[in-house]
Amino acid sequence: ADADADDASGDAAGGQAAAFARACAECAGLLRKLATRSEFGDRPPKKRPPHLSRSKYVRDLSAQIGLSLDLVRIAYVQRDMQPGAAKGLVRQESTMAVVPLLDGGLAEVPTPA
């Protein structure tokens with residue numbers, strides 16, 4: 001009976017993990033679509049286009065940077081949720097530092113070697 005209960009809880013956890021993976025994939029797809037439909041497409045220009053005011057250019061760049069950061073966050077979460085991922089080893093060997101973001105989340109940024 002205990003083995004059946006363990007199997008049921010394992011199936012539920014597996015179902016939740018699969019649903020979470022699908023949700024992450026859907027979010028990433030939406031973010032990519034938003035990024036490609038932005039003012040600059042999937043890559044912003046190196047210089048401000050003459051037809052854009054400085055404030056519009058900065059606003060559009062900021063929006064695109066936010067979308068890119070959200071995609072990176074989703075990728076990290078997906079990587080950490082993969083079965084068999086050596087989370088402790090990845091964190092210890094990483095040359096990344098965790099820093100707070102304005103939205104209250106956390107991000108990893110490279111630290112100088």
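Caption draft 1: Geometry of a nonpolar patch on the surface. A surface patch of nonpolar side chains, about 250 Å² in accessible area, is lined by Phe 20, Val 77 and Met 81. Position of Phe 20 relative to the elements: it lies in helix α1 (residues 2–36). With relative accessibility at 37%, the residue Phe 20 sits in the partly exposed group.

Caption draft 2: View of the nonpolar core. Membership of the largest hydrophobic core is limited to 6 residues, which are Cys 24, Ala 28, Leu 31, Ala 35, Leu 67 and Ile 74. Secondary structure elements with two or more residues in this core: α1 and α2 (54–81). When residues of this core are assigned to their parent elements, the largest contribution, 4 residues, is made by α1.

Caption draft 3: Region of interest: the packing of aromatic side chains. Using the criterion set out here, one finds 1 aromatic pair in the structure. Look at Phe 40 and Tyr 57: their rings are 5.7 Å apart centre to centre, the planes differ by 75°, and that puts the pair in the edge-to-face class. Highlighted residues: Phe 40 in the loop between α1 and α2 and Tyr 57 in helix α2, separated in sequence by 17 residues. Like Tyr 57, Phe 40 is buried.

Caption draft 4: Expanded view of the side chain of Asp 80. On the secondary structure map, Asp 80 appears in helix α2. Assessed through its relative accessible area of 18%, Asp 80 is described here as buried. At a separation of 3.4 Å, a polar atom in the side chain of Asp 80 contacts the side chain of Arg 79.

Conventions we followed
- Residues numbered from 1 in each chain as written.
- Predicted model: local features only at pLDDT ≥ 70, side-chain atom pairs only at ≥ 80, totals over all residues.
- Heavy atoms only, no water.
- Patch = residues over 30% accessible without salt bridge, like charges linked within 9 Å, V, L, I, M, F, W, Y side chains within 5 Å.
- Areas by Shrake-Rupley, 256 points an atom, 1.4 Å probe, with all protein chains shown as cover.
- Salt bridge = Lys/Arg side-chain N within 4 Å of Asp/Glu carboxyl O.
- Helix = DSSP H or I, 4+ residues; strand = E, 2+ residues; numbered from the N terminus.
- Buried < 20%, exposed > 50% of the residue type's maximum accessible area, 1.4 Å probe, protein only.
- Core = buried A, V, L, I, M, F, W, Y, C linked by side-chain atoms within 4.5 Å.
- Phe/Tyr/Trp six-rings, centres within 6.5 Å; stacked < 30°, edge-to-face > 60°.
- Polar contact = N/O pair within 3.5 Å; in protein donor to acceptor, adjacent residues only side chain to side chain.

The quantities given are spatial measurements derived from coordinates; they are silent on function.
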